[in-house]
Amino acid sequence: MMDNKRRKFLKMAGATVLAGISAPAIVKLSSNPAVAAGDGGHEAPAAAHAATDTHDEEQSSGVRLGMVIDMRKFYQNQGMLDEAIAACIKAHNVPQIPDPKSEIKWIWKAGFGNVFPEHSQKLRSEKVKDNQFPALCNHCDNPSCVKACPTKATFVVEKNGIVAMDFHRCIGCRFCMAACPYGARSFNWQDPRPFIKEYNVNFPTRGRGVVEKCNFCGERLALGLEPACVEVCKGTGAMVFGDLNDPHSEIRKVLDQEFTIQRKPAAGTKPSVFYIV
Amino acid sequence: MIEKTLKGKPAYWIWLGILASLIAIGWACYFRQYSFGLGLTGMSRDVSWGLYISQFTFLVGVAAGGLMLVLPYYIHDYKAFGRITILGEFLAISALVMCLMFIMADLGQPLRGLNVLFYPTPHSMLFWDMCVLWGYLLLNLLCGWVILTAERKQVPPPKWIYPFIYISLPFAVSIHTVTAMLYCGLPGRHFWLSAIVAPRFLASAFAAGPSLILIACMVMKKFANFDAGKEAIQKLTTIIMYAVIINTFFFLLEFFVGYYSEVPGHMHSLEYLFFGLEHHGEVYNNLVPFMWAATLLNFGGLGILAYMKIAKVFDYRLVGTAAVMIFLALWSDKGLGFVFAGFVPNPLEQVTEYYPTMNEIGITIGVWATGFLLLTLLYKIALGVEEEVEH
Ligand code: SF4
Ligand code: SF4
C-alpha cells in the first residue's frame, strides 16, 4: 500500500531532487508507477462513462499537469487570490505596466462573464456576480498557440504537458496571441525591465519584442516546489495542482468528486485548468 | 534593361522624388520603432495586429490579382492582354516586396526572422505563407525578366520558361489561400473562423489587383503615351465587375450566417464594423465610417461599370473613377476592417479599439512608397522595352 503522503505532489517532486538526478528531467508528479516510469500511462483515465452517450475526448498519455481552481474557497477570501497573483508576479519578474494596452499578465482577475463568456450571464448567483475569477494560461492539451507558432518558440514539454516558451527563439510575430482563445498571452511592446517592481534573480527577465505567459512554474517544479500561486493557497484546497492522467493524484480525486467547468471547451483546445464555480 | 529607368520626363523625376521623401520618412519612423519597440504603434494586448498585418493581407491579394491578366493570356491565348500581362507580373513583384517589408516591420524581433527557416514548423500556417510568398516572388521575377528580355530581342520566350509560368498560376491562388488560412484556422476568433474567408479573399483580390493595373494604365496613358488598348481595358472591367459581385455576395453571406443564426460571436465583429458595438454603455465604432464608405464606393464603382456595359459607352474617365472607387472599397474592407475587427471583442469579451499612431502610419506610408517606387521603375522598364521594339 502506498503511503498516503507519498501521493502528495510536493514530496514526490522533492524526492527526485534528493535523488540528485538533474531535476528537470525527472520531476515525478505522479504516483502511478506506470505513468511515473514513463512507460505508457495508457490506463484509461476515465473508465466509466455509462450515463452519457457522447463522443469521448481523447487525452494525451503520459504526465499532464493541470489545475483545479475551487472558487468556493476564493469567494470568502478574495484577498488570497490577490496574494496568489502577487506571488506569481514576484516569482517571474512580471512587469507592472500601468497602460492597459501594454500590460503583461500571467494570472489575473476578471469577472465571470469575461472568464466564461460562452456561459450564460443571465440570472447568475450573487456570489458569481460579485466575485473575481482568476484567468491564466490553460496549458491546453491541444494548444492552438503551439500550432500557430512558426518557430516552435511555443511548445509542449513532452514529459509533463506544460505549454512552455523559449524567449530567445520567439520572433515576436504574435501569431500565438491571435490563436489563443483565452487571451492568455502578452507581448512586450517595450522594454519591460523598468516596470519590474521586485527583481527575482532566479528567473530571467524578458526583453522587448517577445511574447510571454504563465509557465505553470516549470522552474519551481524542477526544484520540487509547487507553483507559486498554489503555494499561497496551501491547505485551503483553492488551487489543486497535479497530474490529470494519474487516477490516484489529488487533482483527479477532486475532479472525480466535484463538478468542474473549463473555459471555452468548444474551442477544442482541451484546457487543463478546471474551475469549481 | 535597368538603364531605362534613368531617362524620363520631369514629371517622372518629381514622382520619384516624392516617393523617395516618403521612403525617407518611413525609415526615420522605423528607426524610432526599432529602438523603442512596437509600443510606438497603436497595437495592444487585445488588438495585437494592426496596420502592418492588415496591409500585408491586402497586398497579398493585390499580388494574387495579377493572375487575372496572366491566366487569360497564357491559358486562353487571349491576345488583347499581350501588352499588359507583364504589368500583372511586375505588380505582383512590387506587392510582394511590400508584403515582406510589412512582415518585417511587424516583427518584435526582426533580427530573428530567419528562425522561421532554422526551425521549420509545418503545422504553422505562417511557415507555409512564407514559402508560397517567396516562391511566388521568385517565379514572377524569373518569368517577368525572361519574357521581357525575349520581347526586347523580338524572339518568342524560350520554351523552358513555360512550365514556370504555368506553375505560377496556381501559386497565385495559393498565396492568398494560405494567407486566409492564417486567420480562418484560429479557434475562438469567430469573425475569421469562416470557410468563406479564402474564397472571399480571392474574389476581392481578383478585383483589387486588376483595379490597380487599370489605374496604372490610366496614369501611363496620360504621362507616358502608353495605350493598353480598348479591348484589354474593357475585358479588365468585366473581370473586375464579376469579382466585385462575387466578393459582395460572399460578404453578404457572412451577414446572413451571423444575423439569422444570431450566434453572438458571429454577429459581434460585423456589428462593430457596421453599426458600432455597445459595451457597458459605451459605443465602439471607429471603423463604421470606413465600412460605410467602402459600401458606397463598392456599389458606386459597380454601378459605373455596369452602366458602361449596359449603355455600351466607353470612357476612360469613367473607367478610372470606377477603378479608384473599387480599389478604395476593397482596401477599407480587407486592408482595415477584416483584420482589426477580428480582435473585437477580445477573447474575454472586452473591447479595445485600435488607433494607429503617426509613427506607425509613417512606416506604413514608407512601405507603400517603396512598393510604388519599385512599381514605377519596373513599369518604366517594361514601357521602355515596348517603345524600343516599336521603333
Ligand atoms: S491557454 Fe492559450 S496560451 Fe495557454 S496553452 Fe491554451 S492556447 Fe496556448
Ligand atoms: S510571437 Fe513568438 S511564440 Fe508567438 S507565434 Fe510568434 S514566434 Fe511563436
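Here the structure is a predicted model, which is why all the values come from computation and not from measurement. (Residues numbered from 1 in each chain as written. Chains lettered and ligands numbered in written order. Predicted model: local features only at pLDDT ≥ 70, side-chain atom pairs only at ≥ 80, totals over all residues. Heavy atoms only, no water.)

> Got a sec to walk through the site of ligand 1? Specific residues and values, please.
The local shell around ligand 1 holds 13 residues, among which A:C137, A:N138, A:C140, A:C145 and A:C180 are the closest. Its residues assigned to classes, the shell around ligand 1 comprises eight nonpolar, three polar and two charged. (Near = heavy atom within 4 Å. Nonpolar A, V, L, I, M, F, W, Y, C, P; charged D, E, K, R; others polar.)

> I'd like a rundown of unusual backbone geometry, residues and numbers included.
Cis peptide bonds are those with omega within 30 degrees of zero, and the linkage from B:V344 to B:P345 qualifies with -5°. Counting through the fold element by element, B:P345 comes out in the loop between α12 (316-341) and α13 (358-390). Phi is positive for A:L123, which is not a glycine, with a value near 55°. With respect to the helices and strands, the residue A:L123 is situated in the loop between α6 (112-115) and α7 (126-130). Using a relative accessible area of 81% as the deciding quantity, one classes A:L123 as exposed. With phi around 70°, A:R174 is a residue other than glycine that occupies positive phi space. By secondary structure assignment, the location of A:R174 is in the loop between β5 (163-165) and α9 (175-179). (Helix = DSSP H or I, 4+ residues; strand = E, 2+ residues; numbered from the N terminus. Buried < 20%, exposed > 50% of the residue type's maximum accessible area, 1.4 Å probe, protein only.)

> Please give an account of the pairing of strand β3 (residues 133-136) of chain A that cites residues and values.
Residues and elements named next belong to chain A. Of the two faces of β3, the one lined by F133 and A135 and the one lined by P134 and L136 are each fully buried. Bridge count between strand β2 (residues 107-110) and β3: four bridges; the pairing is antiparallel. Directly across from I107, in β3, lies its bridge partner L136. (Pairing = 2+ DSSP bridges.)

> Just give me the short version of the interface of chain A and chain B, but keep the residues and values in it.
Interface size, as often reported, equals the accessible area lost upon joining of the parts. On the side of chain B, 41 residues touch chain A, which itself brings 48 residues to the contact. Considering only the surface of chain A that becomes buried against chain B, A:I171, A:F175 and A:W189 emerge as the three largest contributors, covering 20% of it. At the junction of chain A with chain B, the criterion picks out one salt bridge. Between B:D106 and A:R174 there is a salt bridge, and its shortest N-O distance comes to 2.5 Å. Taken together, the connections running from chain A to chain B amount to 28 residue pairs in polar contact (both at pLDDT 80 or more). Looking at the side of chain A that touches chain B, the elements with two or more residues in it are β2, α6, α8 (144-148), α9 and β6 (186-187) of chain A. Here the residues of the side of chain A that touches chain B are counted per class, giving 25 nonpolar, ten polar and 13 charged. (Contact = heavy atoms within 4.5 Å. Buried area = accessible area lost by both parts, 1.4 Å probe. Salt bridge = Lys/Arg side-chain N within 4 Å of Asp/Glu carboxyl O. Polar contact = N/O pair within 3.5 Å; in protein donor to acceptor, adjacent residues only side chain to side chain.)

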